[in-house]
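Per-entry structural report
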Amino acid sequence: MKSENKGRPSAVWPPFTPLKTGTAPLRVKSGKGVMLTLEDGRHLMDCISSWWVNLHGHTHPEIAQAIHRQALELEQVIFAGLTHEPAERLAHRLVDLLPEGLTRVFYSDNGSTAVEVALKMASQYWKNRGASGRTRFISFEGAYHGDTLGAMSVSHRSVFTDAFRDLLFDVDFIPYPETFEDDADVAEKEARSLAALERLLASHAGAYAALIIEPLVQGAGGMRMCRPAFLKALQKKSRDYDILIIYDEVMVGFGRTGDYFACRRAKTVPDIICLSKGITGGFMPLAATVCTDRIHHAFYDEDPGKTLYHGHSYTANPLGCAAANVSLDLLIENHHQFEQMAQWHRDGIDMLRQEKRLQRFRVCGTIAAMDVAAGDGGYLSALGPLLRQRFMDNGFLLRPLGNVIYILPPYCIRREELLSVYECIRDVISKIPLD
Ligand code: PMP
């Protein structure tokens, strides 16, 4: 057995990383609160909550202790035919926190699987009810719903999906009415999007199982934000034509938009909601797809063919559920933090207004974003890696999505810490050579 790693090249294939041109990953030793400590002793402020999962800061002792206690009691057990207290309790608590009507919780273990479950649930719902032709989905330009084949199918076709194009099923995409500060055209964009939806539904309503949306903020597509009023209008149209709505709240759930869930903030109720990322406070992989009684009822039948045949080895892992239960306590106890952060973001943005290359400022709850004017926009903009490196050199973990800089920190960040992120952005941008 080899025990010594020193000097050996890494055997790890990193995610989302061009193998030849990507920079070698930095080795992280530990984390505390918003800070990460690298093996070489340097510190980085985690301004993106480690891919949008961390809520209360790294190594939060109460969550760490809950996992420890749970590991000594029951670490994992098959979830078909058996259940356990942490999962049962968490399901009730999620139902209590979600808008009324979302009552049935199906567990899995990551955001992509939460979406896969939602897609399967929606299409089988119609099949179980004898409407077998309803197999198509409507999604949004710029959408990102995960990396498994179904989740990729309902995602915008992009560099992420190019290599798998032939494996994906067909989906109808409509425009996402992205908006930002002082946007004069937002109403027009919303109308265009709703008109596109109307055209699809008016001609083929009987073909659609559901519409899927990242409500209020599209994440990987560039932190594109829409207004709550748009979600209301969308809900009305979908109800008029009796198609289901799936909210992918994998990124925006658990406080990110300033309320516990985007559906609550927009005062809308989807038929199915996908949750993951922040669900455990960023400690353990876990996901939940929550649906209404109406959907659940279509699977409640003597016919075994009407069963939702889906499940993962680690479904409802007790350690994940124990972490999630404590994370929810902390979330409720500290909800003022995520409400407050929107104002701090606005204060930070005020520090950047002189910088002419920064445009389209936008804030939704704990998430802030802006575009850097660039000759080449989009995810592959050369600016992305350059900015990331400069931010890192200054001690900040920020991962621009191409020419979009966004800040999505854990809720424990203090005002001065958050403003220091904006100072760093101002410094870095002022030194970047103009095209
Ligand atoms: N949906 C959304 C909105 C996401 O942002 C992501 C991940 N970035 C996913 C789904 C997929 O989640 P995971 O990476 O946990 O599979």
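Scroll up to find the structure.
In this report, we go over the structure that sits alongside the text.

Cut-off values and rules
- Residues numbered from 1 in each chain as written.
- Predicted model: local features only at pLDDT ≥ 70, side-chain atom pairs only at ≥ 80, totals over all residues.
- Heavy atoms only, no water.
- Phe/Tyr/Trp six-rings, centres within 6.5 Å; stacked < 30°, edge-to-face > 60°.
- Helix = DSSP H or I, 4+ residues; strand = E, 2+ residues; numbered from the N terminus.
- Buried < 20%, exposed > 50% of the residue type's maximum accessible area, 1.4 Å probe, protein only.
- Pairing = 2+ DSSP bridges.
- Axes fitted to C-alpha atoms, helices over the stretch in contact; angles between N-to-C directions.
- Contact = heavy atoms within 4.5 Å.
- Near = heavy atom within 4 Å.
- Polar contact = N/O pair within 3.5 Å; in protein donor to acceptor, adjacent residues only side chain to side chain.
- Areas by Shrake-Rupley, 256 points an atom, 1.4 Å probe, with all protein chains shown as cover.
- Nonpolar A, V, L, I, M, F, W, Y, C, P; charged D, E, K, R; others polar.
- 1 Å grid on protein atoms, 1.4 Å probe; cavity = no way out; pocket = protein on both sides within 12 Å on 5 of 7 lines; lining within 4 Å.
- Points joined across faces, edges and corners; volume = space filled by probe spheres on them.

**Concerning the packing of aromatic side chains**
Enumeration over the complete set of coordinates arrives at 12 aromatic pairs. Seen from their ring centres, Phe 16 and Phe 160 are 5.2 Å apart, and the 70 degrees between their planes marks the pair as edge-to-face. Of this pair, Phe 16 sits in the segment before strand E1 (28–32) while Phe 160 sits in the loop between helix H5 (149–153) and strand E6 (172–174), and the two are 144 residues apart along the sequence. For Phe 16, a relative accessible area of 35% translates into the label partly exposed.

**A few points about the sheet that holds strand E16 (residues 404–407)**
A sheet is described by the order of its strands in space; here 3 strands give the open sequence E13-E14-E16, paired in antiparallel fashion. Two strands close off the open sheet at either side, each with one partner strand: strand E13 (358–364) and E16. Within this sheet the neighbouring strands show an average axis-to-axis angle of 15 degrees, counted without direction. As judged from the 4 bridges shared by strand E14 (residues 367–372) and E16, these two strands associate in the antiparallel manner. Residue pairing across strands places Asp 371 opposite Val 404, the latter belonging to E16. The strands touched by helix H11 (residues 335–350) are E13, E14 and E16; relative to E13, the strand with the most contacts, the crossing angle is about 170 degrees.

**Considering the site of the ligand**
Lining the immediate surroundings of the ligand are Trp 52, Asn 110, Gly 111, Ser 112, Tyr 144, His 145, Gly 146, Glu 214, Asp 248, Val 250, Met 251 and Lys 277. Taking Asn 110, its side chain carries an N or O atom lying 3.3 Å from an oxygen atom of the ligand. Lys 277 is positioned with one of its side-chain polar atoms (N or O) 3.1 Å from a nitrogen atom of the ligand. A total of 390 Å² of accessible area belongs to the ligand in isolation, and the protein chains cover 83% of it. Here the residues of the shell around the ligand are counted per class, giving 4 nonpolar, 5 polar and 3 charged.

**Points about the sheet that holds E6**
Taking strand neighbours across the sheet as the criterion, the 7 strands line up as E4-E12-E11-E10-E7-E5-E6 in an open arrangement whose pairing is mixed. Strands at the two margins of the open sheet, each flanked by one partner only, are strand E4 (102–108) and E6. On average, adjacent strands in this sheet sit at an angle of 20 degrees to one another, irrespective of strand direction. Sheet analysis places strand E10 (residues 244–248) next to strand E11 (residues 272–275), joined by 3 bridges and oriented parallel. By the bridge assignment for E11, Ile 246 is matched with Ile 272.

**Quick word on the layout of surface pockets**
Empty space within the second largest pocket amounts to approximately 830 Å³. Forming the boundary of the second largest pocket are 30 residues, of which Phe 79, Val 105, Phe 106, Tyr 107 and Leu 308 lie nearest the centre. Within the residue set of the lining of the second largest pocket, elements represented by two or more residues are helix H3 (85–97), E4 and helix H9 (293–297). Here the lining of the second largest pocket is built from residues that sort into 17 nonpolar, 10 polar and 3 charged.

Fair warning: the whole summary comes from geometry, so function is off the table for now.
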